[in-house]
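What follows is the residue order along each chain.
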Number of protein chains: 2
Amino acid sequence: MNFPDLFDAFDAAVLPPGLPDAAVLRLRHDTVARELAAGEQLDLDPGRAFFAFLGVGACKLAAFVSSAREQIVSFHFAGDVVHVPAQGRYGYTLSALTDAQLLVIPADSLSRSGPDSCGMLRLASRETENALARSRETSIILGRRSAQERVASFILAIWDRLGAGSQDDGWIDLPMSRGEIADSLGLTIETVSRQFSELRDLGLIETEGRSALRVIDLPGLSRCAGQLPVAA
Amino acid sequence: MNFPDLFDAFDAAVLPPGLPDAAVLRLRHDTVARELAAGEQLDLDPGRAFFAFLGVGACKLAAFVSSAREQIVSFHFAGDVVHVPAQGRYGYTLSALTDAQLLVIPADSLSRSGPDSCGMLRLASRETENALARSRETSIILGRRSAQERVASFILAIWDRLGAGSQDDGWIDLPMSRGEIADSLGLTIETVSRQFSELRDLGLIETEGRSALRVIDLPGLSRCAGQLPVAA
DNA sequence: GCGCTGCCTTGATCTGGATCAATGCCCTGG
DNA sequence: CCAGGGCATTGATCCAGATCAAGGCAGCGC
């Protein structure tokens, strides 16, 4: 996929319809394509915020807490828009879990003044709001839930995201390691592994090798995740 | 404080300068003042997102996780703009810790279309981004840090927020209970209490009664807040 | 002032998940 | 096809923080 194709995908999937051509052209001008190999990290000016549109592959957004282990803020997949904040108390990095292709858009390019830029601003606002909602859910999971609930929630989230349009047989491939899962859930590798085993023994999921996963009993898994019906 | 005074304070502290009068007037029209007694919760349409400008008092934004304890997402003080999300997987409530006066602004009122509304959109975007940064820091604290680090971080944050323009003697009054602190840090009341005692025994803070607090050794407290068990 | 009610503190014990310590199993490169 | 390295699983032990259980202390109504 080259820049024009990536930008077209971005335009079709994310940009609101009816934007003035001039605004789209200026955005296109400010946007840069990047290709990352698995494990590689995106090198950006840490003093500025960015949005990244992930056309192909999977990524993680992580905060450097200290030289110890990192805290993974979120995982992202093809079609996602990722908000990469400027460095504040912590520095953030976006790195590829698999080979990935993405567009990098400076946040201030979306909010640049101009009578035609309202649509862009609305886009930025919406994406930031999405990121906020995800982040608050993460906080809730990290604050209040047991290891099993965390792992079950994680599997459900990945399943939602990757299992929906998946292959006939329902198997999905986890692009992240156990260590990365642990870093996103505030657990250790060993605990994550034990919980995978336990959910397997309970007959809720199947695993094969390091990364293949299948959900057998979705309602059962939801129950393990401690999810209440949204109505209250 | 009545509505005009509150709105003036909001205008002066938050609204970007140079907004067209028409936009400000429309915003003023969509905005409602509310007064809450300590402990009272703000009753809003759960299906819509809001911003709240807190003119006077202190509030907490909490998510209902289960019928058990809630997870407190953030604390807010006079002058803050709070982002109250629409109900998603979890429901959120804003409640007063002390008697409070606030303005309630529907989020979609800031993003309403119109050539004059860019400034409003930029405002919404900025406030959402602030909320996102805070939320991600919360995630990091909840994911990776010990009880002592959490409590020390909490005290530092409150101190930053309330201690700066404080009385001559440097004492501040915590508007929230130990239980609420615990709910925001993902700990229990007892653990929070023990950590307060320990930080006191270490000579880093002083306490008096239930809510009076003074920081004695700011660098020492920062050290307590930052260290990971196995840092290098 | 007196007792009541709710927080808060402190102590004792329990336990879920971290840590330490072996293996085991893919995956790659020769 | 084999060897080696890195991730994953599994088991044993430990410990930070939860839970259980008393008191203690401020604020309030009477």
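Note that the structure is a prediction, hence the values are computed from the model and not measured.

Let us now look at the interface of chain B and chain A. Contacts between the two partners involve 46 residues from chain B and, on the opposite side, 46 residues from chain A. Between chain B and chain A, a total of about 4,000 Å² is buried, with carbon and sulfur atoms accounting for 55% of that surface. In this structure, the connection of chain B to chain A is made through 4 salt bridges. In this structure, Arg89 of chain B and Glu137 of chain A form a salt bridge, with 3.1 Å as the shortest nitrogen-oxygen distance. Joining chain B to chain A, the criterion identifies 10 residue pairs in polar contact (both at pLDDT 80 or more). Among the elements of the structure, β3 (58–64), β4 (71–77) and α4 (118–144) of chain B are those that each provide at least two residues to the side of chain B that touches chain A. At 18 residues, the largest contribution of residues to the side of chain B that touches chain A is made by α4 of chain B.

This brings us to the sheet that holds strand β8 (residues 172–173) of chain A. Residues and elements named next belong to chain A. Here we have 3 strands laid out as an open sheet, ordered β8-β10-β9, and antiparallel in their pairing. The two strands at the open ends of the sheet, each matched to only one other strand, are β8 and β9 (205–208). Those strands touched by helix α7 (residues 189–201) are β9 and β10 (212–215), and its axis lies near 125° from that of β9.

A word on the protein's contact with DNA strand D. Close contacts around DNA strand D come from 18 residues, with Arg178, Ser197 and Arg210 of chain A together with Ala147 and Thr191 of chain B the closest. Counting only atoms of DNA strand D within 4 Å of the protein, the fraction found in sugar and phosphate groups is 58%. At 2.9 Å, a side-chain N or O of Arg194 of chain A approaches a base nitrogen of DNA strand D. Thr191 of chain B places a polar side-chain atom, nitrogen or oxygen, 2.3 Å from a phosphate oxygen of DNA strand D. Every element with two or more residues in the surface near DNA strand D is listed here: α6 (178–185) and α7 of chain A together with α7 (189–201) of chain B. When residues in the surface near DNA strand D are grouped by element, the largest group, 5 residues, is from α7 of chain A. Classifying every residue of the surface near DNA strand D gives 3 nonpolar, 8 polar and 7 charged.

Before going further, it helps to examine the environment of Ser95 of chain B. All names here are of chain B. Within the fold, Ser95 resides in strand β6 (residues 91–96). Using a relative accessible area of 6% as the deciding quantity, one classes Ser95 as buried. In the structure, Ser95 is positioned 57 residues away from Ala38 in sequence and 8.1 Å away in space, judged by C-alpha atoms. Not counting residues up to four positions away in its chain, the partners in contact with Ser95 are Glu40, Gln41, Ala58, Cys59 and Lys60.

Residues of chain A with pLDDT of at least 70 account for 92%, and the chain-wide mean is 89. The model gives residues 228–232 of chain A a pLDDT under 50, and that stretch makes 5 contacts with residues more than four places away or in other chains.

Further remarks concern the protein's contact with DNA strand C. Residues in contact with DNA strand C amount to 18 residues; listed here are only the nearest, Ala147 and Thr191 of chain A together with Arg178, Ser197 and Arg210 of chain B. Close to the protein, within 4 Å, the atoms of DNA strand C belong to sugar or phosphate groups at a rate of 55%. One nitrogen or oxygen atom from the side chain of Arg194 of chain B is found 3.0 Å from a base nitrogen belonging to DNA strand C. Looking at which element gives the most residues to the surface near DNA strand C, the answer is α7 of chain B, with 5 residues. Looking at the surface near DNA strand C residue by residue, the classes come out as 3 nonpolar, 8 polar and 7 charged.

The biggest cluster of nonpolar side chains holds 31 residues, and the ones touching the most others in it are Ile155, Met176, Phe196 and Leu221 of chain A. Those elements that provide at least two residues to this core are β3 (58–64), β4 (71–77), α5 (147–163), α6, α7, β10 and α8 (218–225) of chain A. Of the residues forming this core, the biggest block, 8 residues, is contributed by α5 of chain A. Two domains share this core, each providing at least three of its residues, namely domain 1 (3–142) and domain 2 (146–225) of chain A. Beyond its immediate chain neighbours, meaning those up to four positions away, Leu221 of chain A contacts Ala152, Ile155, Leu156, Leu199, Leu204, Ile205 and Val215 of chain A. In this structure, Val151, Leu156, Leu174 and Leu221 of chain B belong to the second largest nonpolar core, which totals 30 residues.

A separate point is the pairing of β3 of chain B. Residues and elements named next belong to chain B. Counting buried positions over the 7 residues of β3 gives 6, a clear majority of the element. Taken together, the 6 bridges between β3 and β4 define a ladder with antiparallel strand orientation. Residue pairing in the sheet places Cys59 in a bridge with His76 of β4. Of the pairings in the sheet, the one linking β3 to β6 comprises 6 bridges and is antiparallel in character. Bridging from a neighbouring strand, Cys59 pairs with Ala96 of β6.

Many descriptions give the size of an interface as the accessible area lost when the pieces come together. All names here are of chain A. Structurally, chain A comprises domain 1 (3–142) and domain 2 (146–225). Computed from C-alpha atoms alone, the centre-to-centre distance between domain 1 and domain 2 is 26 Å. Between domain 1 and domain 2, the residue contacts involve 14 residues of the former and 18 residues of the latter. Looking at the side of domain 1 facing domain 2, the largest losses of area belong to Arg69, Phe75 and Phe77, adding up to 41% of the total buried there. Seen at the junction of domain 1 and domain 2, the total is 2 salt bridges. When the shortest N-O distance is used, the salt bridge between Glu180 and Lys60 registers 3.0 Å. In this assembly, domain 1 and domain 2 are joined by 6 residue pairs in polar contact (both at pLDDT 80 or more). Contributing elements (two or more residues each) for the side of domain 1 that touches domain 2: β3, β4 and α4 (118–144). In terms of residue count, β4 provides more of the side of domain 1 that touches domain 2 than any other element does, 4 residues in total.

About the thresholds
Residues numbered from 1 in each chain as written. Chains lettered and ligands numbered in written order. Predicted model: local features only at pLDDT ≥ 70, side-chain atom pairs only at ≥ 80, totals over all residues. Heavy atoms only, no water. Contact = heavy atoms within 4.5 Å. Buried area = accessible area lost by both parts, 1.4 Å probe. Salt bridge = Lys/Arg side-chain N within 4 Å of Asp/Glu carboxyl O. Polar contact = N/O pair within 3.5 Å; in protein donor to acceptor, adjacent residues only side chain to side chain. Helix = DSSP H or I, 4+ residues; strand = E, 2+ residues; numbered from the N terminus. Pairing = 2+ DSSP bridges. Axes fitted to C-alpha atoms, helices over the stretch in contact; angles between N-to-C directions. Near = heavy atom within 4 Å. Nonpolar A, V, L, I, M, F, W, Y, C, P; charged D, E, K, R; others polar. Buried < 20%, exposed > 50% of the residue type's maximum accessible area, 1.4 Å probe, protein only. pLDDT = per-residue confidence, 0-100. Core = buried A, V, L, I, M, F, W, Y, C linked by side-chain atoms within 4.5 Å. Domains from an automatic or database assignment.

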